[in-house]
Amino acid sequence: MRIAQGLDGRWSLRLHSGLRLRLLDLVAVAGLSVLALAVAGVALSIGTTELRPIGALRALLDGPGAGDAAFAIWDVRLPRVLMGLMVGGCVALAGAMLQSMSRNPLADPGLLGLSQGALVAVMAASVFAPSLPQEALPLVALAGGLAVGLLLVVLVGNGGGGAGGSGMAILLMGIAVETMLSSVTTILVLYSPPELSLALGDWMAGSLFRSSWRNLAAVAPWAALSLPVVLLLGRRLRSYDLGDHMAMALGEPVRRSRLLILLAAVLLTSAAVTAVGPLVFLGVMAPHLAHCVSPAGGRARLVLSALVGGILVVGADTLTRTLVGEIALPTGLSVVIIGVPIFIVTLRLHAVRRMRMA
Amino acid sequence: MRLTPKRLLPVIAALLMSSAAHAQTRDVVDDLGRTVAIPVNPERVIALHEPLLGLPLMELGVPVVGLYGRAEDGSTLMGVDFMDTVLGEDAKALGISGIGAVGNIDLEKVRALHPDLIVGTERHRDHAAMLSPIAPVYLQNSTADGVTGFSVEADLAAALGREPAFAAAKAAYEARVAEVRAKLPADPQGRTYLAVIVFDQVSVIRDISGAIQAVRDLGYAEAPLPEGTETGRGGFSAPISSEAFVRLDPDLLVVMNTFIGDAQGEAVIRQRLDALAPGWDRFMKPAKEGRILYLDSRRVSTPTIASARHMLDAVEAWAAR
């Protein structure tokens with residue numbers, strides 16, 4: 001293992017296996033990991049049961065138990081924090097992969113209709129099959145997301161250069177499908193009984209309320225299933241940034257990889273939607289914020305995006321839980337309300353910094 | 001008086017028996033088929049739905065300590081304070097607390113209330129898994145198909161051993177039904193009613209409210225609905241097109257405005273119906289012939305005997321006019 005300067009002048013860590021890790025990326029990942037731990041620590045310390053940070057840490061280390069502190073930490077706050085980190089990471093990962101795949105900075109599971117597909121499927125199940133067991137919902141969401149993914153592949157395949165299609169074509173078709181599915185969700189909310197409409201409305205806004213070990217265990221495997229694809233394709237994402245033709249010239253199986261990326265994005269999005277509902281715009285925000293932290297590509301970009309996504313969800317949820325009080329702001333909305341100003345300010349500062357450097 | 005062991009023995013025995021009674025549980029099967037060990041005499045109950053469960057429980061004399069949709073001090077977080085409008089009770093004075101923000105039940109707050117029973121509707125299936133570590137959770141069908149009038153309250157009375165309280169309240173109610181029926185200008189037997197509520201569209205009220213229980217107990221039968229009106233999937237109401245609505249001709253038309261907000265009364269209801277079905281009062285015979293009853297939905301919508309009694313009061317006042 002040695003530290004060396006690359007042709008681009010950047011310092012990197014070379015491992016014996018030949019793997020090269022840029023030092024800046026390592027520092028960024030370490031920094032964001034510390035920030036994620038800090039945000040999780042604050043989230044664990046805040047709640048109805050009054051616990052100082054040291055009390056929360058003690059309850060965490062003591063493990064599950066019968067006391068109030070153990071209940072607050074192990075039964076309520078820890079599953080919520082872990083769920084927030086997981087779904088934030090999932091949506092951000094999906095967004096980062098789709099942006100690389102389509103070479104469009106606006107690509108996001110919401111914009112492509114994948115979130116809506118999963119959402120419509122789960123909502124339809126709630127309305128037409130209310131007795132369906134909770135454990136079946138991830139499968140239902142996955143079916144909805146996959147249906148949209150398949151539809152996109154078919155639509156783009158017919159009109160845009162064969163299976164897999166071009167990135168821009170997928171994006172345009174995705175927007176069309178998303179718009180149509182949004183209308184379906186509105187119809188489902190309007191024509192379901194008023195009590196169910198209210199529940200669906202809450203869920204559509206995205207909420208971490210249902211976080212529990214059971215729900216976490218139900219959706220985590222679906223997210224985990226996509227990780228091999230993410231790790232496998234992460235390294236290749238750099239070549240997609242150069243364009244389809246250049247990637248093909250570099251020997252990348254573009255169409256097959258695009259299908260795999262879409263499948264991974266569907267898995268990640270379905271897991272998140274089943275757990276908390278759609279998290280709008282997070283898939284756009286998180287990769288861009290990660291890029292502002294460190295302009296990494298490939299796998300480093302994915303890791304940074306996932307960390308930013310998790311931090312945004314847990315941070316926004318904790319802030320609104322603390323500040324808003326008796327009216328719970330759904331997590332999906334709080335992520336947008338708190339995340340978008342951070343997003344705008346960070347992008348602005350980043351643009352100014354780049355102009356100065358230029 | 002000296003406290004000798006002989007004198008203390010009966011006191012200790014009584015205390016032990018009392019605490020044993022409180023701790024005693026019995027297994028009941030709830031409406032979702034779950035077997036739940038509930039206390040024989042629950043003393044600290046939390047209801048996850050105020051109008052559908054909290055009010056029937058309070059009417060049965062069950063001690064409710066926590067309600068969804070209320071703040072920590074007991075004030076309502078919803079658009080309407082059903083406890084006040086239906087039962088005339090003040091949650092703050094009764095020491096009833098909320099269990100977290102709307103849309104986000106706070107499990108730590110629930111636990112802090114030390115409930116010995118939590119009652120939810122069939123829609124709280126996933127909440128039950130989260131709340132069960134705190135207290136037994138009994139799920140009661142409240143809007144499902146097959147639920148009618150007082151059936152929720154009757155079921156809860158049977159599950160919680162409050163049948164005598166329910167029977168007494170029902171007997172008094174039936175006497176009141178007979179009293180009001182005697183004051184009606186014509187015998188309702190063989191006559192029809194239609195009840196609608198105005199949300200963002202006109203909706204036919206299904207039979208899960210006290211209002212409908214009362215109007216049926218008076219002898220009215222539901223008017224045939226236009227073909228295609230979907231009322232079989234449960235819920236409080238089912239939407240109906242404005243065009244179909246104005247064609248209906250029940251012997252008694254019951255209309256009310258949404259219970260969200262304070263806008264109630266004849267003028268407001270007429271205004272809202274004018275917006276959704278212009279000219280309805282010129283087309284509909286019940287409107288032209290005065291066979292129409294304007295109601296405050298907040299008072300008559302709950303599945304309680306109290307709501308049914310409010311309905312009887314309204315019918316009595318209408319008959320007197």
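The rules behind the values
- Residues numbered from 1 in each chain as written.
- Chains lettered and ligands numbered in written order.
- Predicted model: local features only at pLDDT ≥ 70, side-chain atom pairs only at ≥ 80, totals over all residues.
- Helix = DSSP H or I, 4+ residues; strand = E, 2+ residues; numbered from the N terminus.
- Contact = placed C-beta atoms within 7 Å.
- Pairing = 2+ DSSP bridges.
- Domains from an automatic or database assignment.
- Buried ≥ 20, exposed ≤ 12 C-beta atoms within 10 Å, placed from the backbone.
- Arc of directions from axis to C-beta.
- Axes fitted to C-alpha atoms, helices over the stretch in contact; angles between N-to-C directions.
- Parallel < 35°, antiparallel > 145°, perpendicular 65-115°, else oblique.
- Left-handed = near helix turned anticlockwise from the far one by under 90°.
- Nonpolar A, V, L, I, M, F, W, Y, C, P; charged D, E, K, R; others polar.
- pLDDT = per-residue confidence, 0-100.

Scanning chain A from N- to C-terminus turns up 14 helices and three strands. Across chain A, every contact between residues at least 6 apart in sequence was considered, and the portion connecting residues at least 24 apart equals 72%.

What links the strands of a sheet is backbone hydrogen bonding, and the strands pair in either a parallel or an antiparallel sense. Residue and element names in this part refer to chain B. Spatial strand order, β5-β4-β3-β8-β9: five strands in an open sheet with parallel pairing. Among the strands making up the open sheet, the edge pair consists of β5 (97-98) and β9 (137-140). In this sheet, strand β8 (residues 117-121) lies alongside strand β3 (residues 45-47) in parallel orientation, the contact comprising three bridges. Of the residues in β8, the one forming a bridge with Ala 47 is Val 119.

This part takes up the environment of Ala 244 of chain B. Its place among the elements puts Ala 244 of chain B in helix α10 (residues 242-247). In this structure the C-alpha to C-alpha distance between Ala 244 of chain B and Ala 277 of chain B, which are 33 residues apart in sequence, comes to 9.9 Å.

With that out of the way, let us pick up the domain arrangement of chain B. Residues and elements named next belong to chain B. Entries for chain B in the domain assignment read domain 1 (21-142) and domain 2 (185-320). The gap between the C-alpha centroids of domain 1 and domain 2 is 30 Å. In this assembly, 11 residues from domain 1 lie in contact with 12 residues from domain 2. Looking at the side of domain 1 that touches domain 2, the elements with two or more residues in it are α2 (50-59) and α3 (82-87).

This part covers helix α7 (residues 151-159) of chain B. All names here are of chain B. Three or more residues of α7 are buried, namely Val 152, Glu 153, Leu 156, Ala 157 and Ala 159. For α7, the angular spread of the buried residues around the axis is 165°, confining them to a single face. Looking at the packing, one finds that the buried side of α7 touches β1 (25-29), β2 (35-39), α2, β9, α8 (163-183) and α15 (305-320). The first or second residue beyond α7 is Gly 161, which carries a positive phi of 70°.

Residue and element names in this part refer to chain B. Where α2 contacts α7, the axes come no closer than 9 Å and their chain directions differ by 60°. Accordingly, the angle class assigned to the pair α2 and α7 is oblique. With respect to the hand of their crossing, α2 and α7 are arranged in right-handed fashion. Taken together, the residues of α7 that come into contact with α2 (itself represented by Leu 52, Pro 56, Leu 57 and Glu 59) are Val 152, Glu 153 and Leu 156. Here the residues of the contact of α2 with α7 sort into five nonpolar, no polar and two charged.

Two quantities define a packed helix pair, namely the angle between the axes and the distance from one axis to the other. All names here are of chain A. Orientation of helix α1 (residues 23-45) relative to helix α3 (residues 68-102), taken along the N-to-C sense of each, is 145°, at an axis distance of 10 Å. Here the hand of the crossing between α1 and α3 comes out right-handed. Here Ala 36, Ala 40, Ala 43 and Leu 44 of α1 lie close against α3, whose contacting residues are Ile 73, Arg 77, Leu 78, Val 81 and Leu 85.

Residues and elements named next belong to chain A. As for its placement among the helices and strands, Ala 176 is situated in helix α6 (residues 167-191). With 13 C-beta atoms counted inside 10 Å, the residue Ala 176 sits in the partly exposed group. As for Ala 176 and Pro 253, which are separated by 77 residues in sequence, their C-alpha atoms are 27 Å apart.

Our next topic: the confidence of the model for chain B. Residue and element names in this part refer to chain B. Of the residues in chain B, 90% reach a pLDDT of 70 or more, and the chain-wide mean stands at 88. Here residues 15-22 is a poorly scored stretch, pLDDT under 50, and it has five contacts once near neighbours within four places are set aside; other chains count. For this predicted complex, the interface score ipTM comes out at 0.77, alongside a pTM of 0.81.

Even without being a glycine, Phe 281 of chain A presents a positive backbone phi close to 70°. Its location among the elements puts Phe 281 of chain A in the loop between α11 (254-276) and α12 (282-293). Phi at His 114 of chain B is positive, roughly 50°, even though this residue is not glycine. As for its position among the elements, His 114 of chain B is in the loop between α5 (107-112) and β8.

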